[in-house]
Amino acid sequence: MESHLIFKQSREGRRGITIPTNKYYKKNINEIIPNKFLRKSDSNLPEVGEQDAVRHFINLSTLNYHIDKNIYPLGSCTMKYNPKINEVVANFSGFTELHPLQSEETTQGALQIIYELGEMLRSITGFDDITMQPVAGAHGEYAGLLLIRAYHKLHGNARKYIIIPDSAHGTNPATCIMAGYQTIEIKSDENGIVNIDKLKEIIDEDVAGMMITNPNTLGLFESNIKEIADLLHSKGALLYMDGANLNALLGIVKPGIAGVDILHFNLHKTFATPHGGGGPGGGAIAVNSLLSDFLPIPYISKIGDRYQMRYDKKNSIGNIHSFYGNFLVMVKAYTYLKMIGEENLEKISRNAIINANYIKERLKKYYHLKYDKNCMHEVILDGTLQKNRYGVRTLDIAKRLLDYGFHAPTIYFPLIVSEALMIEPTETEDKDTIDKFCDIMIMIAKEAEENPELLKSAPHNTPVRRLNDALAVKKLNISFEE
Ligand SMILES: *Cc1c(COP(=O)(O)O)cnc(C)c1O
C-alpha cells in the first residue's frame, strides 16, 4: 500500500496523480486542491549531481547558527548540547512508526517509557502525580492554571487573582489571562527576590494562587519559597512554580517538598531536545496529591507488569492535547535521564551554576551588574554603562557578537533590568569556550569605548546585515522566489 503522497513533477504537472490507496482518500488531486493552486508549468528545479546538492545544503547549514557550531548563551532558553544518542533512539522505527490508535497490547513499550519518565520526573522533584500531555512550557502553565481553577471551583469559591512577581517569565502573565484570571504584580525586593512583606499585604481569599519562576528571571533563587507556600496555603491559595529553569535545581532542590503545588518541566530545555525553531517541546506538569484528581486524561498506570491508559479521574480537566503529547520528546528525555543517571543530575546543575558565576565574575568589571549576588544558571548583566558613556545600546553589543561568530545572549529581558544582557552558558560548555566568549565580550566593551560607531553599525560580516526590526514587523514580506 502506498501510504504517502508523491508530488511527482511531470510535464503534465500534477494532474491525474491520485493520493493513497486508502479508500477514504482515493480521490483525484484536482478534487482536493483547488485548480488555482495547482502548478501550471514545471518547477524549474536545477539539474545537479548529488555532490553539488550536498555541498549546497552543507554550505547553507553553516550560515545558520546552532549549538553544534558554538556556544548559545541565550538566557532563559537553556540551549545545552543535546547528545546525538537522543536522536538515534528517537529514530527507532518502533517509535516513529507507532500509530496513536494502535491497541494498548501493541504499544506497551511506548506506554512504559511515558510512565517511567513520569516516575523519574516525580522523584527528581518530589511530587505525587504527573501528566505528560502538555507540549510546551506555556502549555504546561495553562494546564496548571486550569487545575487551580478546577480545584477552587470544586471547593465552591471562584477566586479572581493570580499573583505574579515582576521577575516572572513573560509567558506567566499571558497564561493567567488565557485561563481567565487577573494578575496582581508583586515587586522584587532590593535582593531581586519576592518581597515577603508585600506578599502579606496583597494576599487574601480572592487570590487563587501565585505563579513563581524559580530561579527567577534575574537568575536568582527564591530562597523564601517555603514561606511563600505556607503564606498562600494559609489563605487557601495554591503555588505554581514555573520550572523551566530546572537546569539549576536538578538533584539539589525538590520543589514538591518545599510546598509547591504544581510545577512544569520544559523537557526540551532541561532534558535535552533541540529547540529554538519553535518546537517540538514537552511541558509535563507534576502536582501534589491535592490536585491529582484534576489532572488531564488519559493517564498511564502500571498494573502488574502491564501499562494501561486510564480515564478514571472524576474531576479531570479533560484532554489538553491529543493522544500522548509529544511522544518523541519524551523518548529523548528518557534516553537522557537513563544515560546520566538520577544520582548524577546534581552535577548538571552544579556545573550550570559554576559556569554562570564564572562569567559573572569575569565580566562584571566591564558590564554593569544590577544584583551582585551569587547567581544560579544564568547571569543578568546590562549595557547601561555603555549606553550612558558612549551611546552604545545593548542591541549594538549583541549585533557585534555576531561578527565574532557568537550567538547573542537574550537581550532586553528581564524587563526590570534596563539594557539587560541575559547570559545562560549551560553546563555543557567547557572553560575554553566560556573564556573565548568572555574575551570577546571584554573586547566589545573596549570597542564601545574606543570606536562606538563600529558597534552601532554591526554586524559587518554576517550574510545579512542589521535588519530593520520595526519595518519587518509592520511590513512583513516573506516570499519564496521560484
Ligand atoms: C522557556 C520558558 C517558558 C516557556 O516555555 P515554552 O516551551 O517556550 O512555552 C516559561 N518560563 C520560563 C522561565 C522559560 O524559560
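See the structure above.
Residues numbered from 1 in each chain as written. Predicted model: local features only at pLDDT ≥ 70, side-chain atom pairs only at ≥ 80, totals over all residues. Heavy atoms only, no water.

### Quick look at the overall build of the protein
Tallying secondary structure elements over the protein gives 17 helices and 13 strands in all. In terms of overall dimensions, the protein has C-alpha extents of about 75 × 65 × 45 Å along its principal axes. A total of 482 residues make up the protein; the buried ones form 49% of that total. Residue pairs in contact within the protein that sit at least 24 positions apart in sequence constitute 67% of those at least 6 positions apart. On the protein, roughly 24000 Å² of surface is accessible, and the fraction owed to carbon and sulfur atoms is 54%. (Helix = DSSP H or I, 4+ residues; strand = E, 2+ residues; numbered from the N terminus. Buried < 20%, exposed > 50% of the residue type's maximum accessible area, 1.4 Å probe, protein only. Contact = heavy atoms within 4.5 Å. Areas by Shrake-Rupley, 256 points an atom, 1.4 Å probe, with all protein chains shown as cover.)

### Details of the site of the ligand
If you check the shell around the ligand, you find 14 residues, and the closest are S76, G137, D242, H268 and K269. G137 places a polar main-chain atom, nitrogen or oxygen, 2.8 Å from an oxygen atom of the ligand. K269 places a side-chain nitrogen or oxygen 2.7 Å from an oxygen atom of the ligand. Within the complex, 85% of the 380 Å² of free accessible area of the ligand lies under protein. Secondary-structure elements contributing two or more residues to the shell around the ligand are helix 6 (137–154) and helix 10 (267–270). For the shell around the ligand, the leading source of residues is helix 6, giving three residues. (Near = heavy atom within 4 Å. Polar contact = N/O pair within 3.5 Å; in protein donor to acceptor, adjacent residues only side chain to side chain.)

### Digging into the nonpolar core
Nonpolar side chains in soluble globular proteins generally cluster together in the buried interior. L117, L121, F265, L267 and F271 are the most contacted members of the largest nonpolar core, which totals 61 residues. For this core, the element with the most residues is helix 11 (residues 327–340), which contributes nine residues. Sequence-distant contacts of F271, that is, excluding residues within four places in its chain, are made with L121, L246, L250, F265, N266, K332, A333, Y336 and L337. In terms of nonpolar packing, the next biggest core, distinct from the first, is built from 25 residues, L363, C375, I434 and I440 among them. (Core = buried A, V, L, I, M, F, W, Y, C linked by side-chain atoms within 4.5 Å.)

### Here's the deal with the packing of helix 14 (residues 394–403) against helix 15 (residues 431–450)
Interhelical geometry of helix 14 versus helix 15 gives an angle of 125° and a closest axis separation of 10 Å. The angle between the axes of helix 14 and helix 15 places the two elements in the oblique class. In this structure, the crossing between helix 14 and helix 15 has a hand that is right-handed. The segment helix 14 lies against helix 15, with I397, R400 and L401 engaging F437, I440, M441, I444 and E447. Among the residues making up the contact of helix 14 with helix 15, the classes are represented as six nonpolar, no polar and two charged. (Axes fitted to C-alpha atoms, helices over the stretch in contact; angles between N-to-C directions. Parallel < 35°, antiparallel > 145°, perpendicular 65-115°, else oblique. Left-handed = near helix turned anticlockwise from the far one by under 90°. Nonpolar A, V, L, I, M, F, W, Y, C, P; charged D, E, K, R; others polar.)

### Brief notes about a nonpolar patch on the surface
There is a patch of nonpolar side chains on the surface, built from I85, V88, F92 and M339 and spanning about 360 Å² of accessible area. Position of I85 relative to the elements: it lies in helix 3 (residues 84–90). Among the residues examined, I85 registers a relative accessible area of 39% and is labelled partly exposed. (Patch = residues over 30% accessible without salt bridge, like charges linked within 9 Å, V, L, I, M, F, W, Y side chains within 5 Å. Salt bridge = Lys/Arg side-chain N within 4 Å of Asp/Glu carboxyl O.)

### As for the side chain of N266
Here N266 is to be found in the loop between strand 6 (262–264) and helix 10. The exposure class assigned to N266 is buried, which follows from its relative accessible area of 3%. Here the side chain of N266 touches H264 through a polar contact of 3.0 Å, side chain to side chain. Every residue in contact with N266, bar those within four places of it in the chain, is listed here: G137, A244, F271 and G282.

### So, the sheet that holds strand 2 (residues 161–165)
Spatially, 1-7-6-5-4-2-3 is the arrangement adopted by the seven strands of the open sheet, whose pairing is mixed. The open sheet has two edge strands, strand 1 (129–131) and strand 3 (182–186), and neither has a second partner. This sheet shows a mean twist of 20° between the axes of neighbouring strands, independent of strand direction. Bridge count between strand 6 and strand 7 (residues 285–287): three bridges; the pairing is antiparallel. Bridged to I262 within strand 7 is V287. Packing of helix 7 (residues 171–178) onto the sheet brings it into contact with strand 2, strand 3, strand 4 (207–213) and strand 5 (238–242), and relative to strand 2 it is tilted by some 175°. Those strands touched by helix 9 (residues 225–234) are strand 4 and strand 5, and its axis lies near 145° from that of strand 5. (Pairing = 2+ DSSP bridges.)

### A short note on helix 5 (residues 108–125)
The end-to-end C-alpha distance of helix 5, which contains 18 residues, comes to 26 Å, matching closely the 26 Å that a straight helix rising 1.5 Å per residue would cover. For helix 5, the full list of buried residues reads Q108, A110, L111, I113, I114, L117, G118, M120, L121, R122, I124 and T125. (Expected span 1.5 Å × (residues − 1).)

Without other data, these values stay purely geometric and don't point to any function.
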